[in-house]
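# Breakdown of the fold
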Amino acid sequence: MRRGKLRIYLGSAPGVGKTYAMLSEAHRRIERGTDCVVGFVEHHSRPRTEVMLHGLDVTARREIAYRDSTFTEMDVDALLARRPAVALVDELAHTNVPGSRNAKRWQDVEELLQAGIDVVTTVNIQHLESLGDVVEAITGVRQRETVPDEVVRRADQIELVDMSPQALRRRMAHGNIYKPDRVDAALSNYFRPGNLTALRELALLWVADRVDEYLQEYRGEHNIRSTWQARERIVVGLTGGPEGRTLIRRAARLAEKGAGGEVLAVYIAASDGLSSASPKELAAQRTLVEDLGGTFHHVIGDDVAHALLEFARGVNATQIVLGVSRRRPWQYVFGPGVSATVAVESGPDLDVHLVTHDAAARGRRSLPVARGARLGRSRLIWGWLTGVLGPALLTLLLHAVVPELGLANDMLLFLTFTVAAALLGGLLPALASAAFGSLLLNYFFTPPLYQLTISDPRNIVAISIFVGVAVSVASVVDLAARRTHQAARLRAESEILSFLAGSILRGEDSLEALLERLRETFSMRSVALLERAGEVEPWTTAGAVGTDPVSRPEDADVDMPIGENMALALSGRVLPAEDRRVLGAFAAQAAVVLDRQRLVDEAGKARELAEGNRIRTALLAAVSHDLRTPLAGIKASVTSLRSDDVEWSEEDKGELLEGIEEGADRLAALIGNLLDMSRLNTGSVVPLIRETDLDEVVPMALGGVPDGSVELDIPETLPMVAVDRGLLERVVANVVENAVKYSPHGQPVHVSASSLLGRVELRVVDRGPGVPDEAKDRIFEPFQRHGDAPRGAGVGLGLAVARGFTEAIGGTLTAEDTPGGGLTMVLTLPTAGDAPAAAAELPASVVT
């Protein structure tokens, strides 16, 4: 069965028109004859959205009873039985009511997709899991309903529903989004222009990144190498010289001129041992480019210009920034240089910027040599021309101009061309020059002339010395070239190995980042880390980067075994044997990183088990002592009442019964706190957020405290709060009971409330002994009792449960000193108009 297709309407904030756009799409599909069904759509009493439901086939919702109330959720079973072509499912990040088929609505959608049903859904940018911290920093509100980014990334289509902040605020003011009594609070809090602008930018950038991913995937699938200027991406070519910082800053300014511009700084380690880069300067340039929001890349390439262009085209760059060459004018005899070569070969799709700097034309620290395995193609050509044509032209010149110069001088002139051929072309051109030159000397300048014979033995010695010197110079130059090539490669390898060692010391454990670094280093199309359980088991992918990674080592261009059941598989080109040493280091590091990730996961599970064991141990300790005291008192009172040996008066019986009742109440309170703490530790607390009046909840929470021990000051004009009523009642009860326990006799606890900046504060003030500053956070930890509190005062869970429940409903609970002595507990709660994350768009949702 084919998997259904997922289409998502993504918005920046509630009210931009996601649901309206989804319903409009449904009407268009129905007109085309598509079987389209509404699985779940929440119109939030918005007339225009509600009208769009007319004419659509709506699946009845499933009713679920929870906490003495009935809620409705999407009926997944009914949709699976109905099997429409397209299902409309609103609010992808919604949390289902406990007792539903799945905990989250996106899991319901996944079932529909697996069944081959296409799904059209909606989600806001603030509900993406990876953006939770960013949204909280912008709006001050923590999003409790989230959807994993990967769920949205896998969508077949993502359509942005956009609206300017001004237009959205006008819709709000006209009552098209919320009810009139909530408009003012929403406009002054969550729907401020700054908040909406920031959320809109988040949505636009997120969608732009996804579009860029789709574009790269398409280019890879169709093997497109030309540049598509869909987005400004600027590559900075670095040499490790002092001009690098100037180039990076210039590229950053270019990127700022266009929205979404990227800067990629690349250093290409070539086979160039004479022009070495300073590691310290490269490190400083890496830091600079990362501080400016760019990325740093290290690539190995034999030809710097070619490698730079390949890298730029591989990342779909639009511009290249290079510095003006540091060569002196006379040094251009060795070639046009990297900048000129890149400018000529970049083509019409890549703009090349040459930036002047202070080090331009001031020379390098050493002469450049041509790129190549040893001396390069151009050097070889010039060497052969010098070694062969040079002696021939010299022979014509000497024969026509100065025929009587002398054999010794003739020999020195011929030796000059042989040395030049050795310097330019290495061993073979020099040997050819020596052989050809010796023949010319013998034939034209050694008696008898114009014969290949030598009459004077001293001339034989001279020509032999000439050939020996030529061969020696050529050998030395060739050896130096090979050593230079080896030194350059070893230096590049040492830099890579240093990076790998540094990543181990820094504790970096991102397998994808390591594989991406490997792919860039060897300019491969894709890299995959494969593993298998045994020799006959199939290969599985532990991590992969790039386009179309292989799933078996046999399908790769290069494979590097790691032990018996793990291997690196690279696709793109065949690597020379000398590169396998560095590849082996990468492979070993990849195995270490993978093992570290798994050890970290296992350590996290072990910590959870250890924490659970600690809680269980503490619970056993609490049960063994604190619960034994009331049980013993109840047992003694019951035994006394049942005894036939003593005739108890009515007053005595009343006291014994009162002791039994107090012991039972203490047991109920202790067991309740223990159960609540267990629910918090297992993450099973699911608050049901509703608009609630504080003056209705607080009095009900005081049923367990003695009469006259609490003074209330709760104004009726307070705004409503968005909380779980039952959890809030437990929080207030625990905090007030703790305050009454430590308050002096005759001094009641004062409970007051006020509103400030969209929040409501409930303050519980006592005149007890207070708590030192260093202990104010510790009193909220489980099994903590302040000072010399008697063992019968409880197991120390009341405040821990109170803070856990407070955080579950989106509030905070802190302790501060009471002026004049004592302790004040401050309970801060969100108002109904300032909590869109909990109930703005989902007034009946259940939030985890």
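Residues numbered from 1 in each chain as written. Predicted model: local features only at pLDDT ≥ 70, side-chain atom pairs only at ≥ 80, totals over all residues. Heavy atoms only, no water.

### Let's talk about a nonpolar patch on the surface
- The grouping of L380, I381, W382, W384, L385, V388, L389, L393, L396, L428, L431 and V471 at the surface amounts to a nonpolar patch, some 1100 Å² of accessible area in total.
- Listing elements by their share of the nonpolar patch, those giving two or more residues are α14 (377-400) and α16 (427-445).
- No other element matches α14, which puts nine residues into the nonpolar patch.
- Structurally, V471 is set in helix α17 (residues 457-506). (Patch = residues over 30% accessible without salt bridge, like charges linked within 9 Å, V, L, I, M, F, W, Y side chains within 5 Å. Areas by Shrake-Rupley, 256 points an atom, 1.4 Å probe, with all protein chains shown as cover. Salt bridge = Lys/Arg side-chain N within 4 Å of Asp/Glu carboxyl O. Helix = DSSP H or I, 4+ residues; strand = E, 2+ residues; numbered from the N terminus.)

### Regarding a positive patch on the surface
- A cluster of basic side chains, namely R249, R250, R253 and K257, defines a positive patch on the protein surface.
- Along the chain, R249 falls in helix α10 (residues 244-256). (Lys, Arg positive; Asp, Glu negative; His and termini not counted. Charge placed at Lys NZ, Arg CZ, Asp CG, Glu CD.)

### Describing the packing of aromatic side chains
- Applying the stated rule across the entire model yields two aromatic pairs.
- With centroids separated by 6.5 Å and ring planes inclined at 55°, the aromatic side chains of Y66 and F71 adopt a geometry described as tilted.
- Y66 gets classed as buried once you look at its relative accessible area, which sits at 14%.
- You can call F71 buried: its relative accessible area is 7%.
- Ring geometry for F522 and F586: centres 6.4 Å apart, planes at 70°, overall edge-to-face. Of this pair, F522 sits in the loop between α18 (511-521) and β14 (526-531) while F586 is found in helix α19 (residues 580-625), placing the two residues 64 residues apart along the sequence.
- Here F522 falls in the buried class, since its relative accessible area comes to 3%.
- In this structure, R61 packs its charged tip against the face of F40, placed 3.9 Å from the ring centre. (Phe/Tyr/Trp six-rings, centres within 6.5 Å; stacked < 30°, edge-to-face > 60°. Buried < 20%, exposed > 50% of the residue type's maximum accessible area, 1.4 Å probe, protein only. Lys NZ or Arg CZ within 6 Å of the ring centre and 35° of its normal.)

### Some thoughts on the pattern of salt bridges
- Under the definition given, this model contains 24 salt bridges.
- Residues E25 and R29 are paired through a salt bridge, measuring 2.8 Å at the closest nitrogen-oxygen approach. With a gap of four residues between them, E25 and R29 both fall in helix α1 (residues 18-31), about one helical turn apart. In terms of burial, E25 and R29 fall into one category: buried.
- For R82, the salt bridge is made with D57, and the minimal N-O distance between the two is 3.1 Å.

### Remarks on the environment of G425
- Tracing the backbone through its elements, the reader meets G425 in helix α15 (residues 407-425).
- Along the sequence, G425 and A474 sit 49 residues apart, while their C-alpha atoms lie 8.7 Å from each other.

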